[in-house]
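Understanding the architecture of this molecule
Below, each chain spelled out in residue letters.
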Protein chains: 2
Amino acid sequence: MIDHNEYIDKVRADFTKGTLGETDVLADPSEQFEAWLKQAVESEVPELQAMNLATVYDNRPSSRIVYLRKIHNHKFWWYGNYDSKKGQSLEQNPNASLNFFWPELQRQVRIEGVVKKATDDNSDNYFNSRPLESKLGAWASAQSYRLTSRKELEDKLEQLHKQFEGKEIPRPPHWGGWVLKANYYEFWQGRPSRLHDRICYEQQGETWNIFRLAP
Amino acid sequence: MIDHNEYIDKVRADFTKGTLGETDVLADPSEQFEAWLKQAVESEVPELQAMNLATVYDNRPSSRIVYLRKIHNHKFWWYGNYDSKKGQSLEQNPNASLNFFWPELQRQVRIEGVVKKATDDNSDNYFNSRPLESKLGAWASAQSYRLTSRKELEDKLEQLHKQFEGKEIPRPPHWGGWVLKANYYEFWQGRPSRLHDRICYEQQGETWNIFRLAP
C-alpha cells in the first residue's frame, strides 16, 4: 500500500512531450487555442472540454469544472443554472478566469476575461440539442440550494417526467449560457526541471502582444 | 478528422462510477479528503496531486495548476515563487480556493480557505528534498517576469550550475511554501443525467455541518 502523503510529497512529473517558442505560436491567441484544442481532440485527451472556471464573490474566489461548448473569436461558451453560486458571483463580478489542464499533452491554457449571459437564442439552441434526461435535470435542480435528501431530487424528477410526458420541454428561465470574452491568454508547455515554456498574449487595443514569462 | 467545435458541442460524459450520500462520508472533511486521495493513489489517477489554485488580484480571479505536497488536519501545502503573480495575489488577498478534478473517478473536490506562507523550516525541508535540477531551477526563474528569450533562462541556469558546483544549494529567499487552512469543502461525485451528488461541509465553530446541494 502506497502512503498517499508520501506519494504527493515525492511524485515528480517528467515534462518532455513538447516545447513552445514565441515563433511557434499563431498571432491570434484564439486561433492558437483552437489549434491546441484540435490536437487535444486528435490525441483523445479524456475530458478535454472540462475547464476550471474561477469567479469572485465578496472578494473570495471559488472555482469549479464546467464544460466548454463553443469557442469562436475569443469567446468561450458554457451553460448552467443562473441561480447557482457561479451565476450569483458573475452577477456581482463579471471578471472570471478559465483554466484548461491537459496532462496527457503536458499543457495548460490560462484565460482571463469578462463574462456576460449568452443570448436567449443561443441558450435555447443549446438547450434544445440536449437529451431528454438532461433537459428534465435542468428543471429538477434548483442548483446550489440545500436538499434534505437525494430522494427529494428523485421525486422531483419523477414528477417532471409525468408533467412533461409527450410534450416539448422548454428551457427553464433559470438556465442558460454564459460567454467569456478573453483579454489575456497563457499557453503553458511543461519542460524538464521546472523550466516550463509560458507564452502569453495581452490585448492592447486591436492587437495582441506576445511575450514569454519566466517559469 | 473530428471537428473540435462539433466535438465539444456534442460530447457527454456518462457518470456511473459511484454514488455519494450524506451517511457515506466521514464526519471530518479533512479525513474524507484523505480517504478520496488514498483511493486516487490506489486507482493510479494521473496527476492526482495537481490542484487548481484560484486567487484574486484587484478583484479579478486567476487560476493555475500547482502540486499539493502535504495535507494534514485541514491544511494543504504547496510550494513556489513568492514573487509570482499568485504570490502577489495572496499578499493582497489571502482568500483562495482549490479544486481537484479526478475524471477517472468522476470526482471533484472544491475547497475554500485562507492562505499563509509556510514556516521557514517547512520550506527549507521541502526545498532540500528536491533534486539538484529543481533547486537550480528555483534560482534561475524570477517567476512571472518577462524573458527576452528562452536562451536568457538557459544561460542563467548554466551560470548557476558553475556558481553552485560542488556546493550545497540553499533555498532562494523568493521561494517557499504556502498553506491553505480550509473552511469549506465540497465532494462531488458525477451521476447520470447531470443529477450529481454534492456533499458539502461548512465550518461552524469547532464543528462541521454536512449538507447536500442540488446539482
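Relevant structure appears above.
Residues numbered from 1 in each chain as written. Chains lettered and ligands numbered in written order. Predicted model: local features only at pLDDT ≥ 70, side-chain atom pairs only at ≥ 80, totals over all residues. Heavy atoms only, no water.

What to know about the interface of chain A and chain B
Each partner contributes residues to the interface: chain A has 81 residues there, and chain B has 81 residues. A buried area of about 7300 Å², summed over both sides, lies between chain A and chain B, and 53% of it is on carbon and sulfur atoms. The three residues of chain A that bury the most area against chain B are H4, I8 and R150 of chain A, which together make up 10% of that side's buried surface. There are 6 salt bridges connecting chain A and chain B. (Contact = heavy atoms within 4.5 Å. Buried area = accessible area lost by both parts, 1.4 Å probe. Salt bridge = Lys/Arg side-chain N within 4 Å of Asp/Glu carboxyl O.)

With respect to the environment of L213 of chain A
Mapped onto the secondary structure, L213 of chain A falls in strand 10 (residues 207–213). For the pair L213 of chain A and L98 of chain A, spaced 115 residues apart in sequence, the C-alpha separation works out to 19 Å. (Helix = DSSP H or I, 4+ residues; strand = E, 2+ residues; numbered from the N terminus.)

Details of the environment of E112 of chain B
Note on placement: E112 of chain B falls in strand 6 (residues 107–117). It is 8.2 Å that separates the C-alpha atoms of E112 of chain B and K181 of chain B, two residues lying 69 residues apart in sequence. Each residue touching E112 of chain B, except ones within four places of it in the same chain, is listed here: P61, S62 and K85 of chain A together with A96, S97, L180, K181, A182, N183 and Y184 of chain B.

Topic: unusual backbone geometry
Residues and elements named next belong to chain B. One non-glycine residue, E44, lies in positive phi territory at about 55°. Secondary-structure assignment places E44 in the loop between helix 2 (29–42) and strand 1 (50–57). Positioned with a positive phi, E47 is a non-glycine residue whose angle comes to about 55°. Mapped onto the elements of the fold, E47 is located in the loop between helix 2 and strand 1.

A few points about the pairing of strand 4 (residues 75–81) of chain A
Residues in a regular strand project their side chains so that they alternate between the two faces of the sheet. Residue and element names in this part refer to chain A. The element strand 4 is largely enclosed, with a buried count of 6 among its 7 residues. Note: strand 3 (residues 70–72) against strand 4, 3 bridges, orientation antiparallel. Bridge pairing in strand 4 links H72 to K75. Between strand 3 and strand 4, which pair antiparallel in sequence order, lie 2 residues; one of them, N73, sits at a positive phi of approximately 50°. Where strand 4 and strand 8 (residues 175–189) come together, 7 bridges link them in antiparallel fashion. Each residue of the ladder has a partner; that of W77, found in strand 8, is V179. (Buried < 20%, exposed > 50% of the residue type's maximum accessible area, 1.4 Å probe, protein only. Pairing = 2+ DSSP bridges.)

Any functional reading would require information that these geometric values do not contain.
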